[in-house]
Amino acid sequence: MIECNKIGINFEDKEALKDLSFHMQENEHLVLLGCNGSGKSTLLRVLAGLYFTQTGSYRYNHNSIDKKNMKMIGRTFRQEVGILFQNPDTMLFNPTVYDEIAFGLHEMESNEIDERVYQIAKECQIEHLLDRSPLKLSGGEKQKTALAAILAPRPKMLLLDEPTANLDPKSTGWLVDLLYDLEVTLVVSTHNLSMASEFASRALVLGPSHQLLYDGDLIKLWQEKELLDMANLIHRHRHNTTKQNGLHIHNWE
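Residues numbered from 1 in each chain as written. Predicted model: local features only at pLDDT ≥ 70, side-chain atom pairs only at ≥ 80, totals over all residues. Heavy atoms only, no water.

Participant: What is the right way to read the overall build of the protein chain from this model?
Facilitator: Secondary structure summary: the protein chain contains nine helices and 12 strands in total. For a compact globule of 253 residues, the expected C-alpha radius of gyration is about 18 Å, and the protein chain comes in at 19 Å, within 12% of that figure. Once the C-alpha set of the protein chain is aligned to its principal axes, its extents read approximately 60 × 45 × 35 Å. When each of the 253 residues of the protein chain is scored for burial, the buried share is 50%. Of all intrachain contacts in the protein chain linking residues separated by at least 6 positions in sequence, the fraction that spans at least 24 positions is 63%. Accessible surface, the protein chain: about 13000 Å² in total, of which carbon and sulfur atoms supply 46%. (Helix = DSSP H or I, 4+ residues; strand = E, 2+ residues; numbered from the N terminus. Rg over C-alpha atoms; globule rule 2.2 N^0.38 Å. Buried < 20%, exposed > 50% of the residue type's maximum accessible area, 1.4 Å probe, protein only. Contact = heavy atoms within 4.5 Å. Areas by Shrake-Rupley, 256 points an atom, 1.4 Å probe, with all protein chains shown as cover.)

Participant: Hey, could you run me through the layout of surface pockets in this one?
Facilitator: Picture a little ball the size of a water molecule; that probe, rolled over the atoms, points out where space is still empty. Considering only enclosed or pocket space, the largest pocket measures out at about 680 Å³ in volume. Lining the largest pocket are 25 residues, with Arg78, Val81, Phe103, Gly104 and Ala149 sitting closest to its centre. For the lining of the largest pocket, the secondary-structure elements that each account for two or more residues are α2 (67-80), β6 (81-84), α3 (97-107) and α5 (139-151). Here the lining of the largest pocket is composed, by residue class, of 16 nonpolar, five polar and four charged. Considered as a void within the structure, the second largest pocket measures approximately 180 Å³ in volume. (1 Å grid on protein atoms, 1.4 Å probe; cavity = no way out; pocket = protein on both sides within 12 Å on 5 of 7 lines; lining within 4 Å. Points joined across faces, edges and corners; volume = space filled by probe spheres on them. Nonpolar A, V, L, I, M, F, W, Y, C, P; charged D, E, K, R; others polar.)

Participant: Sorry, what's going on with the packing of aromatic side chains here?
Facilitator: Two measures describe an aromatic ring pair: the distance that separates the ring centres and the angle between the ring planes. Here the structure, examined in full by the defined rule, presents four aromatic pairs. The interplanar angle of 70° and the centroid separation of 5.2 Å between the aromatic rings of phenylalanine 11 and tyrosine 51 together place this pair among those described as edge-to-face. With a gap of 40 residues between them, phenylalanine 11 in strand β1 (residues 2-11) and tyrosine 51 in the loop between α1 (40-47) and β4 (55-60) connect regions that are remote in the sequence. (Phe/Tyr/Trp six-rings, centres within 6.5 Å; stacked < 30°, edge-to-face > 60°.)

Participant: Which parts of the structure should I look at to understand the side chain of serine 189?
Facilitator: By the secondary structure assignment, serine 189 is in strand β8 (residues 185-190). On the basis of relative accessible area, serine 189 is assigned to the buried category, the value being 0%.

Participant: Which parts of the structure should I look at to understand the sheet that holds β4?
Facilitator: The strand order β2-β1-β4-β5 describes an open sheet built from four strands, whose pairing is antiparallel. Edge positions in the open sheet fall to β2 (14-24) and β5 (63-64), since each of these has one partner strand only. (Pairing = 2+ DSSP bridges.)

Participant: Even after reading the chapter, I still don't get the packing of α3 against helix α4 (residues 113-123), so can you show me in this structure?
Facilitator: A pair of packed helices can be characterised by two numbers: the angle between their axes and the separation between those axes. Across the interface, α3 lies against α4 with an axial gap of 9 Å and an inter-helix angle of 130°. Between α3 and α4, the angle is such that the two are oblique. Crossing geometry of α3 relative to α4 is assigned as right-handed. Note on element contacts: α4 touches α3 through Ile113, Asp114, Arg116, Val117, Tyr118, Ile120 and Ala121, opposite Tyr98, Ile101, Ala102, Leu105 and His106. Class assignment for the residues of the contact of α3 with α4 results in nine nonpolar, one polar and two charged. (Axes fitted to C-alpha atoms, helices over the stretch in contact; angles between N-to-C directions. Parallel < 35°, antiparallel > 145°, perpendicular 65-115°, else oblique. Left-handed = near helix turned anticlockwise from the far one by under 90°.)

Participant: Even after reading the chapter, I still don't get the pairing of strand β9 (residues 202-206), so can you show me in this structure?
Facilitator: Within a regular strand, the side chains alternate between the two sheet faces. A large share of β9 lies buried, amounting to five of its five residues. Neither face of β9 is left uncovered, since the one carrying Arg202, Leu204 and Leu206 and the one carrying Ala203 and Val205 both have all their residues buried. In this sheet, β9 lies alongside strand β3 (residues 29-34) in parallel orientation, the contact comprising five bridges. Counterpart to glycine 34 in the pairing with β9 is leucine 206.

Participant: Is there a simple way to explain the nonpolar core in this structure?
Facilitator: It is characteristic of soluble globular proteins that their nonpolar side chains tend to be buried jointly. Ile2, Phe22, Leu47, Tyr58, Ile101 and Leu159 are the most contacted members of the largest nonpolar core, which totals 66 residues. Apart from the residues within four sequence positions on either side, phenylalanine 22 is in contact with Ile2, Glu3, Cys4, Leu43, Leu47, Arg202, Leu204 and Asp215. Val31, Tyr214, Leu218 and Leu221 belong to the second-largest nonpolar core, a separate cluster that totals 15 residues. (Core = buried A, V, L, I, M, F, W, Y, C linked by side-chain atoms within 4.5 Å.)

So this is what it looks like as structure tokens:
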């Protein structure tokens, strides 16, 4: 499904990803871990075909994803790959929630727009918001609306950038259950270690140097304190009771 081979990308001579390689199978779920600035969002945008690699190669279903090939396969690729940005405000532009969900279906010239909009709105618990402006919703409601718009065309690959950032605990639990039941290739980025195991059993860890530090079982990763420290995913401080230094894993959200 996904083949990334030594991909690299720079922005104005500033390195964003370096020599990164990994593969994913169809319908596999993966959690992408890394501190802020490690390149998680950049990698998701590469996988979504929004950025093109400057070195190495990225293949989706055996098709090279580059400027030349996207002119030929772009329409199919856009229908099959959905990305949710961390800030939903950047994704919402239609007058109503209904129009937001229906937008991708119109682009696909779907003949089941009404039925699909109401179905996915119900699944995302926003059916009561369909006549509202998405710009006037709460942060969590905006997140659900953006996700519904992505899910409506039935993507084969779903890329989520810090999807729980705007959700309360109850909505976070709902999202975990929703993703668990989806038959899609899924990549979820987060720096929240306490949520990682809810999304997938396989983890990729990006370090501050924008390189891949780990690719493997998430449970085994918890034993790699030095690696987690190197990735800036855990930190050292004096414990409140013992006053001694130690490495700790905390919920950062």
